[in-house]
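Descriptive structure summary
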Amino acid sequence: MSVLRSRPVLRWLVPATAAVAVIGGGAAIGTFAAEAEPSLPPRTAAQLLVDLQTSRLEGLSGTVVQRADLGLPPLAGLLPGNELTTLLTGTHTLRVWYSGPDKQRVALLDTLGEQDIIRNGRDLWTWQSRTNTATHRALGDKAGAFKPAPEPAASLPATPQQAADLALSAIDPSTEVSVGRSATVAGQDAYELVLQPRDQDSLVHQLRIAIDAKQHVPLRFEVLAKGSDQPAFEVAFTQVDYHRPDADQFTFNPPPGVTVTEEKAERPTGRPGHVESAADPRVRTVGDGWTTVFVARLDRAVGGGPAARKPAAPPAGTAPDVDLSKLLGGLPVVSGDWGSGRLFSAKLFSVLLTDDGRVLAGAVTPERLYQAARG
């Protein structure tokens, strides 16, 4: 199926998960309750994949709700700033507008304010109402759909489309693809495409993508962990309109008193089609597909051995570093023929921090991490 090797054509929504960290409110947990199952003409999984690849969308606006329940232990509360824990728990709401690859807007909402990211041609604006600050950047001549540089905590997709793109790019022989039950999402009849890992060491049970039966747009994305019939992560439209938004939606009008920071314009890349690699040479992967394990080398050991040490005091005026001794103290100690360390586990991922200064992570069982650590 050559269609699986091409990139989805609807990479249109801003991957704004870093900004989701500022959200404190959102819709109720019951927002995603399924409506009555509609009667739709049968379609195969291959047909649904082709639908996703060949759909053409001129415009869209709507409300998206994201919910995460990864079963994190109380230890997560020790992380500074709560950016990561805000992303990985709770329910968050945003508004989206789309009018082609060069006109996009996402507004992240909470009870205390709003943060907007607006792409209008070559102009890229971000604005935070809490601080009344904005940034502007001029994009390059060949800029596609806006993709901001990932932040450390920007790991969860913010829209059904972004999540579906990530899932579809992962399809390979290790994935079983099937059709699930039809559903009504945001008032639209939808088919359900189901992706399921074949490897039993994966912590992911299924990925479920609800696809609009007429527009072929992903309306809902769910991740189910093994042993659970409730999504550990889901992002879905609760309201959608396929009319092209007014041009005014993509015009940024700075409010009175706003402080605007002008960022440097993007530099053109070297030769056409060339992408510079930003991979850290200290990070490698073991395995592939659903059971890929990422292995990183820390600057210092993290266990209780002689190499471990408390981080030095940060310079004045900077954010404090994580107190490793407090952070690791609540993690269980594990050991084997690979060495010893601490294990952090949740519904969908496991992290092994070894006493010799390695971090191994993946959506896999701890046993698969131990196998990788032996190498």
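Residues numbered from 1 in each chain as written. Predicted model: local features only at pLDDT ≥ 70, side-chain atom pairs only at ≥ 80, totals over all residues. Heavy atoms only, no water.

**Digging into the overall build of the chain**
Scanning the chain from N- to C-terminus turns up 6 helices and 19 strands. When the 375 residues of the chain are sorted by exposure, 45% land in the buried category. For the chain, the share of sequence-separated contacts (at least 6 apart) that also reach a separation of at least 24 residues comes to 61%. On the chain, roughly 19,200 Å² of surface is accessible, and the fraction owed to carbon and sulfur atoms is 53%. (Helix = DSSP H or I, 4+ residues; strand = E, 2+ residues; numbered from the N terminus. Buried < 20%, exposed > 50% of the residue type's maximum accessible area, 1.4 Å probe, protein only. Contact = heavy atoms within 4.5 Å. Areas by Shrake-Rupley, 256 points an atom, 1.4 Å probe, with all protein chains shown as cover.)

**Notes on the pattern of salt bridges**
Note that side chains of opposite charge can pair when their charged atoms are close. Applying the stated criterion to the full structure yields 12 salt bridges. Here Arg-105 makes a salt bridge to Glu-114, at a shortest N to O gap of 4.0 Å. Within this structure, Arg-105, Glu-114 and Asp-116 form a network of salt bridges that share partners. (Salt bridge = Lys/Arg side-chain N within 4 Å of Asp/Glu carboxyl O.)

**Digging into the confidence of the model for the chain**
When pLDDT is averaged along the chain, the result is 75; 67% of the residues meet or exceed 70. Counting contacts from residues 75-85, a segment whose pLDDT is below 50, to residues more than four positions away or on other chains yields 15 contacts. Taken together, the stretch residues 145-155 has pLDDT below 50 and engages in 24 contacts with residues farther than four places along the chain or on a different chain. (pLDDT = per-residue confidence, 0-100.)

**Notes on unusual backbone geometry**
Residues other than glycine seldom take positive phi values, yet Asn-132 does so here, at roughly 50 degrees. Mapped onto the elements, Asn-132 comes out in the loop between β5 (123-128) and β6 (133-138). A positive phi angle, near 60 degrees, is found at His-216, a position not held by glycine. Among the secondary structure elements, His-216 is positioned in the loop between β10 (204-212) and β11 (218-225).

**Here we look at the pairing of strand β19 (residues 358-362)**
Counting buried positions over the 5 residues of β19 gives 4, a clear majority of the element. Where strand β15 (residues 293-297) lies against β19, 4 bridges are found, and the strand directions are antiparallel. Note on β19: the bridge partner recorded for Ala-296 is Val-359. Judged from the 4 bridges that link them, strand β18 (residues 350-354) and β19 form a sheet pairing that is antiparallel. Within the sheet, the bridge partner assigned to Ser-350 lies in β19 and is Gly-362. (Pairing = 2+ DSSP bridges.)

**Focus: the environment of Asp-337**
Summarising the element assignment, Asp-337 is placed in the loop between β16 (333-336) and β17 (339-345). Each C-alpha atom, one on Asp-337 and one on Tyr-370, is 8.6 Å from the other, the two residues being 33 residues apart in sequence. In this structure the side chain of Asp-337 is engaged in a polar contact, spanning 2.8 Å, whose partner is the side chain of Arg-374. (Polar contact = N/O pair within 3.5 Å; in protein donor to acceptor, adjacent residues only side chain to side chain.)

**Things to note about the nonpolar core**
Membership of the largest hydrophobic core comes to 44 residues, with the highest contact counts inside it found for Leu-60, Leu-193, Leu-207, Ile-209, Phe-221 and Phe-237. Tallying contributions element by element places β10 first for this core, with 5 residues. Ignoring sequence-local partners within four residues, the contact set of Leu-193 consists of Ala-45, Leu-48, Leu-49, Leu-52, Leu-168, Val-177, Ser-178, Leu-207, Arg-208, Ile-209 and Ile-211. Among the nonpolar cores identified, the runner-up in size contains 12 residues, and Leu-343, Leu-360, Tyr-370 and Ala-372 belong to it. (Core = buried A, V, L, I, M, F, W, Y, C linked by side-chain atoms within 4.5 Å.)

**Concerning helix α4 (residues 160-169)**
Count 3.6 residues to each turn of an α-helix, and residues three or four apart come out pointing the same way. Here α4 lies mainly inside the structure; 8 of its 10 residues are buried. Along α4, the positions that sit buried rather than exposed are Pro-160, Gln-161, Gln-162, Ala-163, Ala-164, Asp-165, Ala-167 and Leu-168. Looking at the buried positions of α4, the neighbouring elements they touch are α2 (45-54), β1 (60-69), β9 (188-197), β10, β11 and β12 (233-241).

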